[in-house]
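# Observations on the three-dimensional arrangement
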Amino acid sequence: MPKVDVAILGGGLAGNLLALQLRKHTPGVSVAVFEKSITRGYKVGESTVEVATHYLIRRMGLSTYTYKEHLPKNGLRFFFDTPERDSELTEMSEIGVNALPPYPSFQLDRARLERDLIEMNRAAGVDMHLPAEVSDLELSNDGSPHRFNVTEDQAGTPAQSAWEARWVVDTTGRTSLIAKLRDLRIPEPSHHIAASWARMTDVLDMDAIDAPAWQKRARWTGRMLSTTHFMYPGYWIWFIPLREGITSVGIVCDKSQWDRGMAREEGFRAFINKHKATAKMIENAKMIDIGAYNQLAYRTKRFYSGAERWACVGDAAAFTDPFYSPGSDFIVHRNDFTADLITRDFKGETSEAVQSRSDLYDAFIKYRFETTMAIYDQLYETFGSYDLFRAKIFFDTALYYNLIFDAYVSDLHLDEKWL
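Below or above, wherever it landed, is the structure these notes cover. Keep in mind it's a predicted model, so treat the numbers as computed, not measured.

### Section: the environment of Arg223
Relative to the assigned elements, Arg223 resides in the loop between helix H6 (212-217) and strand S13 (227-232). Classification of Arg223 as buried rests on a relative accessible area of 1%. In this structure, the C-alpha to C-alpha distance between Arg223 and Ala277, residues 54 residues apart in sequence, is 15 Å. Apart from residues lying up to four places away in sequence, Arg223 is in contact with Arg77, Phe79, Glu94, Met206, Asp207, Trp214, Gln215, Arg217, Ala218 and Thr228. Side chain to side chain, Arg223 and Glu94 meet in a polar contact 2.9 Å long.

Below, the structure is given as structure tokens:
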């Protein structure tokens, strides 16, 4: 029976980053990744903010790679329309940077990034299994190894093997193997939002619009590389540029305004075309793909168990809201905590000590989840008002930089006393 120190179930962004992090910072620990799909497609979560970028650049040493293969992000940008939704883009009220941001962030091509991370992991000695489907997961609670079965395609013939692992980390996204096994998933009680998104080519480049006075207002920078939000009562529309002329376009709305037709191209375009400015943005655009969720937010009872040696990272655990792009920030916090717990275990700390640390990390992530959800409480009701949201964005930005970003870059999130 094959054995591995750390089995990572799921080979998306969270799982591949964690595997590489362990190989870089916990030498001697064997790592295997099991991913059911051999292809890497576009995924939402392209826009990063500064905590995740610090992790990529400093923790993972991927600064040259990220600048070379992805687009730098020029901050957040918000546009506000008339009640009739008939304003020209150049006449809208606007909130956004007019110079390059002081701290870097990126617009990530998730398909490219995941493909590249897979190759980086192979080169680093991670045992990569693609395509490989995990089943019959049995989590041990007595110190013995966890067990699971893996079905892989070998020369066109499915082959099954039984595996043992000291640690199991669930990064399977909404499949959530551990959450389902342990009955950890909790429905979100109050924040009911839905989303539809697409990747498009030939979206209008805002920086190519012939409007000198409007362009001059941005002063020392351009607009197109920003994560752009078009703001309306109860919903917002995003435009995120990716490499090679591709743009991610999405609609996020309160469930009261959700229509299942928005999950198909005809309905998606019809909704975007209700707004004069966004209709012009996609007037000549061609759609590559489309996806949707009719409920985005959900919670979990627990993220880690140090004593039982398992963890849930990324969407396998919980999700808040794509507004302000916090998803990758949550991934890197949880990856840091998971990697630290695994390192402590393999350095010989007692099960009680590792469990105590995991309880602390679990409490902190729950606190981060709750404080993030507090930011969204009744927020969608303010989206149609430039004046209300202008006050809110400056407040929320100050909280992010002073309470979250500063602590992360100082590694306070790994300091027991600070936690």
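There is more to say, and it comes next.
### Brief notes about the pattern of salt bridges
Counted by the stated rule, this structure contains 32 salt bridges. Between Arg59 and Asp411 there is a salt bridge, with its nearest N and O atoms 3.1 Å apart. Here Arg59, found in helix H2 (residues 50-59), pairs with Asp411, found in the segment after helix H11 (386-409); they are 352 residues apart in sequence, far enough to count as distant. Measuring nitrogen to oxygen at the nearest pair gives 3.0 Å for the salt bridge that ties Arg269 to Glu265. Placement of both Arg269 and Glu265 in helix H7 (residues 265-272) is noted, with a separation of four residues, approximately one turn of the helix. Accessibility expressed as a relative area gives 37% for Glu265, which makes it partly exposed. Overlapping salt bridges bring together Glu69, Asp109, Arg112, Arg243 and Glu244 as one network.

### Observations concerning the packing of helix H9 (residues 327-346) against H11
At a closest axis distance of 12 Å, the pairing of H9 and H11 adopts a crossing angle of 35 degrees. Seen from above, H9 lies across H11 with left-handed handedness. Between H9, through Asp329, Val332, His333 and Asp336, and H11, the contact on the second element is made entirely by Tyr400, Ile404 and Tyr408. Residues belonging to the contact of H9 with H11 are distributed by class as follows: four nonpolar, one polar and two charged.

### Here we look at the packing of aromatic side chains
Per the stated rule, a full pass over the model turns up 29 aromatic pairs. Plain terms: the ring middles of Phe34 and Phe148 are 5.3 Å apart, the flat faces sit at 80 degrees to each other, and that makes the pair edge-to-face. Taken as a pair, Phe34 in strand S2 (residues 31-34) and Phe148 in strand S9 (residues 146-154) lie far apart in primary sequence, 114 residues in all. Here Phe323 and Phe383 contribute two aromatic rings whose centre-to-centre distance is 4.7 Å and whose plane-to-plane angle is 35 degrees, an arrangement assigned as tilted. Of this pair, Phe323 sits in the loop between strand S19 (310-312) and H9 while Phe383 sits in the loop between helix H10 (351-376) and H11, and the two are 60 residues apart along the sequence. The buried category is assigned to Phe323, whose relative accessible area is 0%.

### Structural notes on the nonpolar core
Val6, Phe34, Phe78, Phe148, Phe323 and Phe389 are the most contacted members of the largest nonpolar core, which has 97 residues in total. Contacts of Val6, omitting those with residues within four sequence positions, involve Leu22, Val29, Ser30, Val31, Ala32, Trp167, Val169 and Ile342. Of all hydrophobic cores here, the second largest spans 29 residues; its members include Tyr232, Ile251, Ala285 and Met287.

### Structural notes on the sheet that holds strand S4 (residues 76-80)
With mixed pairing, seven strands are arranged side by side in an open sheet as S5-S4-S13-S14-S15-S12-S16. Only two strands of the sheet have a single partner each, and these edge strands are strand S5 (93-96) and strand S16 (286-293). Neighbour-to-neighbour, the strand axes of the sheet open up by a mean angle of 15 degrees, direction not taken into account. Pairing analysis gives seven bridges linking strand S12 (residues 193-201) to S16, with the strands arranged antiparallel.

### Notes on helix H4 (residues 110-124)
The end-to-end C-alpha distance of H4 is 20 Å, a good match for the 21 Å that 15 residues give at a rise of 1.5 Å each. Two to three positions downstream of the cap, the backbone nitrogen of Ala111 sits 3.2 Å from a side-chain oxygen, assigning the N-cap of H4 to Asp109. At the exit of H4 stands Gly125, carrying a positive phi of roughly 95 degrees.

### What to know about the side chain of His229
Considering the arrangement of structural elements, one finds His229 in strand S13. Accessibility expressed as a relative area gives 2% for His229, which makes it buried. Among the polar contacts listed, one links the side chain of His229 to the backbone oxygen of Thr227, at a separation of 3.2 Å. Those residues in contact with His229 that lie beyond four places of it in its chain are Leu76, Arg77, Phe78, Phe79, Trp236, Ile237 and Phe323.

### Re unusual backbone geometry
Along the chain, Leu130 connects to Pro131 via a cis peptide bond; the corresponding omega equals -10 degrees. Along the polypeptide, Pro131 turns up in the loop between strand S7 (127-129) and strand S8 (132-138). At Glu244, a position not held by glycine, the phi torsion is positive, near 65 degrees. By relative accessible area, Glu244 is classed as exposed at 60%.

Criteria and cut-off values
Residues numbered from 1 in each chain as written. Predicted model: local features only at pLDDT ≥ 70, side-chain atom pairs only at ≥ 80, totals over all residues. Heavy atoms only, no water. Helix = DSSP H or I, 4+ residues; strand = E, 2+ residues; numbered from the N terminus. Buried < 20%, exposed > 50% of the residue type's maximum accessible area, 1.4 Å probe, protein only. Contact = heavy atoms within 4.5 Å. Polar contact = N/O pair within 3.5 Å; in protein donor to acceptor, adjacent residues only side chain to side chain. Salt bridge = Lys/Arg side-chain N within 4 Å of Asp/Glu carboxyl O. Axes fitted to C-alpha atoms, helices over the stretch in contact; angles between N-to-C directions. Left-handed = near helix turned anticlockwise from the far one by under 90°. Nonpolar A, V, L, I, M, F, W, Y, C, P; charged D, E, K, R; others polar. Phe/Tyr/Trp six-rings, centres within 6.5 Å; stacked < 30°, edge-to-face > 60°. Core = buried A, V, L, I, M, F, W, Y, C linked by side-chain atoms within 4.5 Å. Pairing = 2+ DSSP bridges. Expected span 1.5 Å × (residues − 1).

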